[in-house]
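Residues per chain, in single letters:
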Amino acid sequence: ARGGRGGHLGLALGLLLAPPALRAKPTVRKERVVRPDSDLGERPAEDNQSFQYDHEAFLSKEDSKTFDQLTSEESKERLGNIVDRIDSDGDGFVTTEELKTWIKRVQKRYIYDNVAKVWKDYDRDKDDKISWEEYKQATYGYYLGNPTEFQDTSDHHTFKKMLPQDERRFKAADLDSDQTATREEFTAFLHPEEFEHMKEIVVLETLEDIDKNGDGFVDQDEHIADMFSHEESGPEPDWVLSEREQFNEFRDLNKDGKLDKDEIRHWILPEDYDHAQAEARHLVYESDKNKDEKLTKEEILDNWNVFVGSQATNYGEDLTKNHDEL
């Protein structure tokens, strides 16, 4: 996983005792690209820790973290309740399509819950909208008001780069161009990868983040440096060598030794790839003992560690509640 925008700011801002809104930059970069849809039949055997991706897809990243607090028995009990909700037609089976729908709902709920948590930090005049000025002051106000404190830190350069990036992203999300964001527009601002009209911004920001020499392209060394910091002398790890091969064979489509915006888009936003569908297929494959391409509750509970690991979640506490937004 790569450090997002927030990772660059925390230390310096914490030392400066900046306001809380500054310490947790909301526009954190996610993984550059979704999980590849590899051949399910060739997946290696996985232990509980390596099932983390499945847990986050099934429960959401935030909710999966709290699963550590429950026993296996409690986890399975709550998982059983979740299964009842996933089985939308009540026929006693969970299909790939039902799992896909569930995973999409979980992701949607996580995104909107995330926005709700930070909304009050930015909606300073409580008009249920966030203007660019409100966001700028909440996020960059300390920097703008105390520029001398940042002159000798690398964060000065970071802020100088991020402020115009955020303004550009805010304008792209502000569909009616009134310089204020509704909740939906602010959600697009914080989670641009989830909105079709924001995907060009995602591609452009990815290019700008990785392109250290400023030539408008991403070469192989820049691509590797984005993932791997070679602090010690010696050979590169095998996975880095594999990444170099991936770059040459599959990412550099026109074989000119660098990635342009179209190639970056193809890499991080592959067409005809449905993340929820791929994850649902994987979960069914892992747990479908009789290979009828659907799961009973028993099959899911027998393979509970794939879905929830040795943990449980606060998400399980409100399973009986209605979530109309989902």
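This one's a predicted model, so the numbers in the text were calculated from it and none came from an experiment.

Chemist: Hey, could you run me through the overall build of the chain in this one?
Modeler: Each helix and strand in the chain was counted, giving 16 helices and 6 strands. Looking at the chain as a whole, 44% of its 326 residues are labelled buried. Sequence separation of at least 24 residues holds for 65% of the intrachain contacts in the chain that already meet a minimum separation of 6.

Chemist: It is not clear to me how helix α10 (residues 199-210) should be interpreted in this structure. Could you clarify?
Modeler: In an α-helix there are 3.6 residues to a turn, and that puts residues three or four apart on one side. Between the first and last C-alpha of α10 there are 17 Å, a value that for 12 residues agrees with the 16 Å anticipated at 1.5 Å per step. Regarding α10, the residues found buried are I201, V202, V203, E205, T206, L207, D209 and I210. Considering only its buried residues, α10 is in contact with α8 (154-173), β4 (218-219), α11 (220-225) and α13 (261-268).

Chemist: I keep staring at the UniProt feature "domain: EF-hand" (unreviewed entry) in the chain and nothing clicks. Help me out?
Modeler: Under the feature "domain: EF-hand" (unreviewed entry), the UniProt entry names residues 74-109, 110-145 and 198-233. As annotated, residues 74-109 comprises 75% helix and 8% strand, and the C-alpha atoms at either end are separated by 23 Å.

Chemist: Just checking my understanding: could you explain the pattern of salt bridges for this structure?
Modeler: Side chains that carry opposite charge are capable of pairing whenever their charged atoms lie near each other. If you walk through the whole model with that rule in mind, you get 17 salt bridges. Note that D84 is salt-bridged to K297, the shortest N-O span being 2.9 Å. You can see D84 sitting in helix α5 (residues 72-86) and its partner K297 sitting in helix α15 (residues 297-302), a full 213 residues away along the chain. On the basis of relative accessibility, which here comes to 31%, the residue K297 falls in the partly exposed class. As a salt-bridge pair, E200 and R265 come within 2.7 Å of each other at their nearest N and O atoms. One end of the pair, E200, is in helix α10; the other, R265, is in helix α13, with 65 residues separating them in the sequence. Judged by its relative accessible area of 45%, E200 is partly exposed. Through salt bridges that share partners, K100, K104 and D274 make up one connected network.

Chemist: Explain the packing of aromatic side chains to me, please; I cannot follow it from the model alone.
Modeler: Two descriptors summarise a pair of aromatic rings, namely the distance from one centre to the other and the angle between the planes of the rings. Counted by the stated rule, this structure contains 12 aromatic pairs. With centroids separated by 5.2 Å and ring planes inclined at 35°, the aromatic side chains of Y122 and Y135 adopt a geometry described as tilted. Here Y122, found in helix α6 (residues 96-122), pairs with Y135, found in helix α7 (residues 132-145); they are 13 residues apart in sequence, far enough to count as distant. There is no split in this pair, since Y122 and Y135 are both buried. Their ring planes at 85° and their centres at 4.9 Å tell us that Y135 and F189 sit as a pair that is edge-to-face. Placement of the pair is Y135 in helix α7 and F189 in helix α9 (residues 183-190), with a sequence separation of 54 residues.

Chemist: I would appreciate a short explanation of unusual backbone geometry in the present structure.
Modeler: In most cases, non-glycine residues show a negative phi, while peptide bonds are predominantly trans. Even without being glycine, S177 reaches a positive phi, approximately 55°. Along the polypeptide, S177 turns up in the loop between α8 and β3 (180-181). You can call S177 exposed: its relative accessible area is 60%. Positioned with a positive phi, K291 is a non-glycine residue whose angle comes to about 55°. Structurally, K291 is set in the loop between α14 (275-287) and β6 (294-296). For K291, a relative accessible area of 53% gives the class exposed.

Chemist: In this structure, what is going on with the confidence of the model for the chain? I would like to understand it.
Modeler: Detailed reading of the predicted coordinates is not advisable wherever pLDDT falls low. Chain-level pLDDT for the chain is 79 on average; 74% of the residues reach the 70-or-more range. Contacts from residues 1-30, a stretch scored under 50 in pLDDT, to residues over four places away or in other chains number 70 contacts. In the predicted structure, residues 34-49 sits below a pLDDT of 50 and forms 27 contacts with residues beyond four places in sequence or in another chain.

Chemist: Is there a simple way to think about the nonpolar core in this case?
Modeler: In globular proteins that are soluble, nonpolar side chains generally tend to be buried together. Grouped together as the largest cluster of nonpolar side chains are 24 residues, with contacts concentrated most on Y122, I130, Y135, Y140, F186, F189 and L190. Where this core is concerned, the elements lending two or more residues are α6, α7, α8 and α9. For this core, the element with the highest residue contribution is α7, accounting for 6 residues. The next biggest cluster of nonpolar side chains, apart from the first, holds 21 residues, and it includes V94, A276, W304 and V308.

Chemist: Would you mind going over helix α12 (residues 238-251) with me for this structure?
Modeler: If you check α12, its first and last C-alpha atoms are 18 Å apart, about what 14 residues at 1.5 Å a residue would give, namely 20 Å. On its buried face, α12 sits against β4, α11, β5 (258-259) and α13.

Chemist: I tried to follow the packing of α8 against α10 on my own but got confused; where do I start?
Modeler: A pair of packed helices is characterised by two quantities: the angle between their axes and the separation of those axes. One can describe the packing of α8 onto α10 by two numbers: an axis separation of 11 Å at closest approach and a directional angle of 170°. In terms of their interaxial angle, α8 and α10 are classed as roughly antiparallel. Residues K161, Q165, R168, R169 and A172 of α8 touch α10, and the partners they reach there are I201, L204, E205, E208 and D209. Of the residues belonging to the contact of α8 with α10, the class tally is 3 nonpolar, 1 polar and 6 charged.

How each quantity is defined
Residues numbered from 1 in each chain as written. Predicted model: local features only at pLDDT ≥ 70, side-chain atom pairs only at ≥ 80, totals over all residues. Heavy atoms only, no water. Helix = DSSP H or I, 4+ residues; strand = E, 2+ residues; numbered from the N terminus. Buried < 20%, exposed > 50% of the residue type's maximum accessible area, 1.4 Å probe, protein only. Contact = heavy atoms within 4.5 Å. Expected span 1.5 Å × (residues − 1). UniProt positions renumbered as here; feature names shortened; annotations may be inferred. Salt bridge = Lys/Arg side-chain N within 4 Å of Asp/Glu carboxyl O. Phe/Tyr/Trp six-rings, centres within 6.5 Å; stacked < 30°, edge-to-face > 60°. pLDDT = per-residue confidence, 0-100. Core = buried A, V, L, I, M, F, W, Y, C linked by side-chain atoms within 4.5 Å. Axes fitted to C-alpha atoms, helices over the stretch in contact; angles between N-to-C directions. Parallel < 35°, antiparallel > 145°, perpendicular 65-115°, else oblique. Nonpolar A, V, L, I, M, F, W, Y, C, P; charged D, E, K, R; others polar.

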